[in-house]
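Each chain is listed here by its residues.
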Amino acid sequence: MDLLRTSISKNYKLYITQCRRMHLLKKQAYINGQWVQSQSKVLFPVTNPANDSVITEIPDMDAHDTKHAVQVAANTFQTWRDTTAKERSRILRKWFDLCEKNSEDLAQVITAESGKPLSESRGEVAYGNSFLEWFADTARHINGEIIPSPWPNKQILLTRQPLGVVSVITPWNFPFAMITRKVGALMAAGCTCVIKPSEDTPLSALAAAELAHQAGVPKGVINVVTASRKNAPAVGQVMCEDHSVGCISFTGSTHVGKILYGLAAKGVKRVALELGGNAPFIVFASADIEHAVDQAMLAKFRNNGQACIGANRFLIHEDVYDKFVKEFKARIGSKCILGPGTKEGVTCGPLVNLEQAKKVSGLVDDAVSKGAKVLAGGKFATELGNKFYESTLLINVKPDMNIFTEEIFGPVATCLKFKNEAEALKIANSTRSGLASYVFTKDLGQAFRMSQKLEFGMVAINDGILSAAEPAFGGIKESGIGREGSLHGVEEYTDIKYTLMSGLDK
Ligand code: ADP
């Protein structure tokens, strides 16, 4: 009897917890402060990558729905732009507070649709929230300038003005933080937006919108258009070409980024593009190898390697190569625990979808066929499901292998040996990508030289994690245009207006 009572009480507690969490699981798109269907009433499924179960079905919106959302954002901009910085700061702060309060529920949604371990989802929520907090603060520091004039009786004023409706297109790997990083900044600047989240992870965006709604973000400031992959190009076209849109803010693949950049060019629109990377992780002979291996685990296996700043190419000095590889292999063996994200102790979840799984295994197979050696992993963990790929370590990797030139976006570490600094720099810079890079050295001069000469937007010295709200995040070359986070992240969404005040002596 006692056992029965305990079991009923346990189930009841679970039921109550689930009911509480359901309030963030939205099943409709969000336009003009309302939860809406698509005009066509067509739906598409959102699935859990760990087991392919359908979490829910949501509206598959098209160009027509998107035009409406852009119109709503454009109308709302007329009033939102005139709010004071203090008002916008207060609203962002309330949104932050609610996201903090609902952290656990947000994390559950992220894990359900992206597959990442719950511990990582919790980390993503904390990271995502930090942008709302940061932009609540920076909203009140978007200052102008008064420039000494070359003429008597005239003054030169430079003011920063919000540039209008921002089209926000986001990926699946950080489905919550990529929204707050962009939307926090653009709202602080006084812009409104239409968000198109990834078809794989729209529920995190809808959960964020629900909390924004509860926080009192005025209707029409944030609009979320949900669409399947099939409709993404049509939706994206409206989001780039509609005359009411002032800026396209995109995080995703370099391939899609180039398409959107082309569309934006037609209307000479501002773009903020955060695209793919091919990060080198360089370990010099003077480095603390234990520490370098610790950081390598973070730089490679966080989010199962599905991060644009994830370390792609491990370049190790020949004097410490064997030691590094041996310790890295041991650490992978003991720390990478594959399984569904909801399972206690799991550190690596499934890859997000089948295309991603196929791409990762294809890159490993190509490398092996060209002479790379597998020291760990190298295959699917089929006993867990169809998207679980073992944490993998490859050595004897050569520049002619696809895995060297392409962004892996998966749990595969590739190691190469180098002889000296010049060679390391040459290999590291031999890519069209230029997002993050990592260097491990105890030589201060070398640290400065590498910081200067690495052709990447971000350089981490002796660290494997560099993301935060305070620094300017972004890439050069084909990794993108513009910066996110920091005060620069807000400035991306403003235009500088020059006003000449003349006739001051009259
Ligand atoms: P990933 O490989 O990370 O999925 P993508 O660049 O393919 O990266 O996708 C990132 C975002 O871009 C997603 O929201 C996706 O739906 C969207 N997207 C993909 N193709 C297009 C397109 N032609 N126009 C607009 N958005 C697109």
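Since we're looking at a predicted model, the values are computed, not measured. (Residues numbered from 1 in each chain as written. Predicted model: local features only at pLDDT ≥ 70, side-chain atom pairs only at ≥ 80, totals over all residues. Heavy atoms only, no water.)

**Topic: empty space enclosed by the protein**
- Inspection of every chain in the model, using the stated rule, returns three cavities of 30 Å³ or more.
- Classifying every residue of the lining of the largest cavity gives seven nonpolar, three polar and three charged.
- No fewer than three residues from each of domain 1 (24–275 + 483–494) and domain 2 (279–468) sit in the lining of the largest cavity.
- Empty space within the second largest cavity amounts to approximately 50 Å³.
- Around the second largest cavity, the lining residues are Leu298, Ala299, Arg302, Ala307, Ile309, Gly310, Tyr438, Gly464 and Ile465.
- For the lining of the second largest cavity, the class distribution of residues is six nonpolar, two polar and one charged. (1 Å grid on protein atoms, 1.4 Å probe; cavity = no way out; pocket = protein on both sides within 12 Å on 5 of 7 lines; lining within 4 Å. Points joined across faces, edges and corners; volume = space filled by probe spheres on them. Nonpolar A, V, L, I, M, F, W, Y, C, P; charged D, E, K, R; others polar. Domains from an automatic or database assignment.)

**Some details on the environment of glycine 262**
- The residue glycine 262 is located in helix H9 (residues 254–266) in this model.
- For glycine 262 and serine 198, which are 64 residues apart along the polypeptide, the C-alpha to C-alpha distance reads 20 Å. (Helix = DSSP H or I, 4+ residues; strand = E, 2+ residues; numbered from the N terminus.)

**Details of the nonpolar core**
- Grouped together as the largest cluster of nonpolar side chains are 61 residues, with contacts concentrated most on Trp95, Val166, Val183, Leu186, Met187, Ile222 and Tyr493.
- Counting residues per element, this core draws most heavily on helix H6 (residues 177–189), at nine residues.
- Those residues in contact with methionine 187, other than ones at most four positions away along the chain, are Trp80, Arg88, Ile91, Leu92, Trp95, Val217, Val221 and Ile222. (Core = buried A, V, L, I, M, F, W, Y, C linked by side-chain atoms within 4.5 Å. Buried < 20%, exposed > 50% of the residue type's maximum accessible area, 1.4 Å probe, protein only. Contact = heavy atoms within 4.5 Å.)

**A few points about the pattern of salt bridges**
- All chains considered together, the criterion is met by 24 salt bridges.
- Aspartate 294 is the salt-bridge partner of arginine 331, the closest N and O atoms lying 2.2 Å from each other. Highlighted residues: arginine 331 in helix H11 (residues 321–335) and aspartate 294 in helix H10 (residues 289–301), separated in sequence by 37 residues.
- For aspartate 294, a relative accessible area of 36% corresponds to the partly exposed category.
- With its nearest N and O atoms 3.2 Å apart, the salt bridge here joins lysine 477 to glutamate 455. Of this pair, lysine 477 sits in strand E20 (residues 476–477) while glutamate 455 is found in the loop between helix H15 (444–453) and strand E19 (458–461), placing the two residues 22 residues apart along the sequence.
- You can call lysine 477 partly exposed: its relative accessible area is 27%.
- Accessibility expressed as a relative area gives 38% for glutamate 455, which makes it partly exposed. (Salt bridge = Lys/Arg side-chain N within 4 Å of Asp/Glu carboxyl O.)

**With respect to the sheet that holds strand E22 (residues 494–501)**
- The strand order across the open sheet built from three strands is E5-E6-E22, with neighbouring strands paired in antiparallel fashion. The strands lining the two open edges of the sheet, one partner per strand, are strand E5 (145–147) and E22. The sheet shows a mean angle of 25° between the axes of neighbouring strands, direction not considered.
- Taken together, the eight bridges between strand E6 (residues 155–162) and E22 define a ladder with antiparallel strand orientation. (Pairing = 2+ DSSP bridges. Axes fitted to C-alpha atoms, helices over the stretch in contact; angles between N-to-C directions.)

**As for the sheet that holds strand E18 (residues 436–440)**
- If you trace the seven strands from one edge of the open sheet to the other, you get E14-E15-E16-E13-E12-E18-E19, paired in mixed fashion. Each edge of the open sheet is held by one strand with a lone partner, namely strand E14 (373–376) and E19. The sheet shows a mean angle of 25° between the axes of neighbouring strands, taken without regard to direction.
- Where E14 and strand E15 (residues 392–395) come together, three bridges link them in antiparallel fashion.

**So, the domain arrangement of the chain**
- Each assigned domain of the chain is listed here: domain 1 (24–275 + 483–494) and domain 2 (279–468).
- Summarising the inter-unit geometry, the C-alpha centres of domain 1 and domain 2 are found 30 Å apart.
- Listed per partner, the contact involves 19 residues of domain 1 and 27 residues of domain 2.
- Buried surface at the junction of domain 1 and domain 2, summed over both partners, amounts to about 1,800 Å²; 55% is from carbon and sulfur atoms.
- Summed over the shared surface of domain 1 and domain 2, the number is one salt bridge.
- Sorting the residues of the side of domain 1 that touches domain 2 by element identifies helix H4 (103–114) and helix H5 (118–138) as the ones contributing at least two each. (Buried area = accessible area lost by both parts, 1.4 Å probe.)

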